[in-house]
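Coordinate analysis (summary)
What follows is the residue order along each chain.
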Amino acid sequence: MAALAAEARAAAHPRTPTAPCTCDSTPLADREDATVVRHAGTVAKAHAPDTDPAALALRTATAARLPEVLLPPLTRAPAPLHGRLVTCWPYGLPVDPDDPDAAPWEAAATLLARLHRTPVPAGLPPMRGPAKAARALGRLRTALRGAPHAAARPVLDAWATLPAWARAEAPMPGPARLCHGDLHLGQLVRHPAPDGPWKLIDVDDLGAGVPAWDLARPAAWYACGLLPPDEWTRFLTAYRQAGGPAVPADGDPWPALDVPARALTVQTAALAVAKALAADRAPDEVEQAVVDACARMPSVPHQASRPRRSAPGFPD
């Protein structure tokens, strides 16, 4: 953390100032897959230990070429630091988690549509969404340590019903589009802060793949009863108005969204149960909602139309 803070400080003050900097460095995240520190207007990120250097370089280069959609990096290429790859970025103001009514659904949808309409840069690796879902299932299996658990069984059964590509066991179907790979509201910031335009951040999963995956998390929340219908409608309408190719321009979007939405529901449930097991507690209300959705999946055919939302979860 101290070395990363020094990287952020050096990037924030590339030339020796006339007066010493008195700013503090602030940790923003410290997880297994990412450690992030802010210093003044600069953010330094240490990526996951198993990050492929060439792939990350291609992803950051793509962000640099699309500053109207993705927050561009400050560093030309990732640099090694204590066995991790580090990149530096300008600070952007994130979405306020305490003000859900101000969630920028239209901005998120419009940025996604622009991203999906951009030609895939040559050599860019596949979008890592399915791989991330598979990693979540691996985390759940590790947490179980071979012992059965009532909350885990529906998640594992639902995972088994997904097609191979959604489990990262086969190539994704085409045509491939440029995808973010891990879209949620935490992946948007205003830059310049505090009231600049919204930009997408976090390129670790950026790549070529199925664009519906980027719509899958809000679609899954909607299907599970965790996202109000009006917010889902705002998001979907804005995406269509911006020419997004992941769903038809009109009519029922669910045939395109069903598999990715199921996969993101299983991923969310797997992480929720793994966290509950680690804390030796039962899943809370929201966590149980996604587990219950998984329990219904094996008995429900893959959707040819949008889910009915008479109760939280996928339709029964």
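Quick notes on the rules
Residues numbered from 1 in each chain as written. Predicted model: local features only at pLDDT ≥ 70, side-chain atom pairs only at ≥ 80, totals over all residues. Heavy atoms only, no water. Pairing = 2+ DSSP bridges. Helix = DSSP H or I, 4+ residues; strand = E, 2+ residues; numbered from the N terminus. Contact = heavy atoms within 4.5 Å. Axes fitted to C-alpha atoms, helices over the stretch in contact; angles between N-to-C directions. Salt bridge = Lys/Arg side-chain N within 4 Å of Asp/Glu carboxyl O. Buried < 20%, exposed > 50% of the residue type's maximum accessible area, 1.4 Å probe, protein only. Parallel < 35°, antiparallel > 145°, perpendicular 65-115°, else oblique. Left-handed = near helix turned anticlockwise from the far one by under 90°. Nonpolar A, V, L, I, M, F, W, Y, C, P; charged D, E, K, R; others polar. Core = buried A, V, L, I, M, F, W, Y, C linked by side-chain atoms within 4.5 Å.

Another aspect to go through is the sheet that holds strand β8 (residues 188-190). Here three strands make up an open sheet; going across it, the order is β6-β8-β9 and the pairing antiparallel. In the strand order of this sheet, the two ends are held by β6 (93-94) and β9 (198-200), each with one partner. As paired elements, β6 and β8 share two bridges and run antiparallel to each other. Its bridge partner being in β8, L93 is matched across the sheet by R190. Helix-sheet contacts for helix α3 (residues 105-117) involve β8 and β9, and the interaxial angle to β9 is about 50 degrees.

The next subject is the pattern of salt bridges. Summed over the entire model, instances satisfying the criterion amount to 12 salt bridges. Between D182 and K132 there is a salt bridge; the shortest N-O distance is 2.8 Å. Taken together, the positions of D182 in the loop between β7 (177-179) and β8 and K132 in helix α4 (residues 129-144) put the pair 50 residues apart, joining distant regions of the chain. Of the two residues, D182 and K132, both sit in the buried class. For R153, the salt bridge goes to D157, with nearest N and O atoms at 3.2 Å. Separated by four residues within a single helix, R153 and D157 lie in helix α5 (residues 152-160), roughly one turn from each other. Among the charged side chains, a salt-bridge network with shared partners connects R128, K132, D182, D205 and R217.

Another aspect to go through is the sheet that holds strand β1 (residues 25-30). One open sheet holds the five strands; their spatial order is β1-β2-β3-β5-β4, and the pairing between them is antiparallel. Edge positions in the sheet fall to β1 and β4 (79-81), since each of these pairs with one other strand and no more. With strand direction ignored, the average angle separating the axes of adjacent strands in the sheet is 30 degrees. The pairing of β1 with strand β2 (residues 34-39) spans five bridges and is antiparallel. Residue pairing in the sheet places P27 in a bridge with V37 of β2. Those strands touched by helix α2 (residues 53-65) are β3 (42-47) and β5 (84-90), and its axis lies near 5 degrees from that of β5.

Our focus in this paragraph is the packing of α4 against helix α8 (residues 254-278). At a minimum axis separation of 8 Å, α4 and α8 run at an interaxial angle of 30 degrees. What the angle tells us is that α4 and α8 run roughly parallel. Two packed elements cross with a definite hand, and for α4 against α8 that hand is left-handed. Within the contact between the two elements, α4 uses G129, K132, A133, A136, L137, R139, L140, A143 and L144 and α8 uses V266, Q267, A270, L271, V273, A274, K275 and L277. Residues that form the contact of α4 with α8 fall into these classes: 12 nonpolar, two polar and three charged.

On the secondary structure map, L264 appears in helix α8. Along the chain, L264 and A216 lie 48 residues apart, while their C-alpha atoms are 6.4 Å from each other.

Moving on, we come to the nonpolar core. Residues L140, V155, L200, W232 and V266 are the most contacted members of the largest nonpolar core, which totals 77 residues. It is α8 that provides the largest number of residues to this core, a total of 10 residues. Here V155 is in contact with L137, L140, V266, A269, A270, V273, V291 and C294, once residues within four sequence places are set aside. Counting nine residues, the second largest nonpolar core, distinct from the first, contains A8, V37, A46 and V86.

By themselves, these observations are geometric and do not establish any function.
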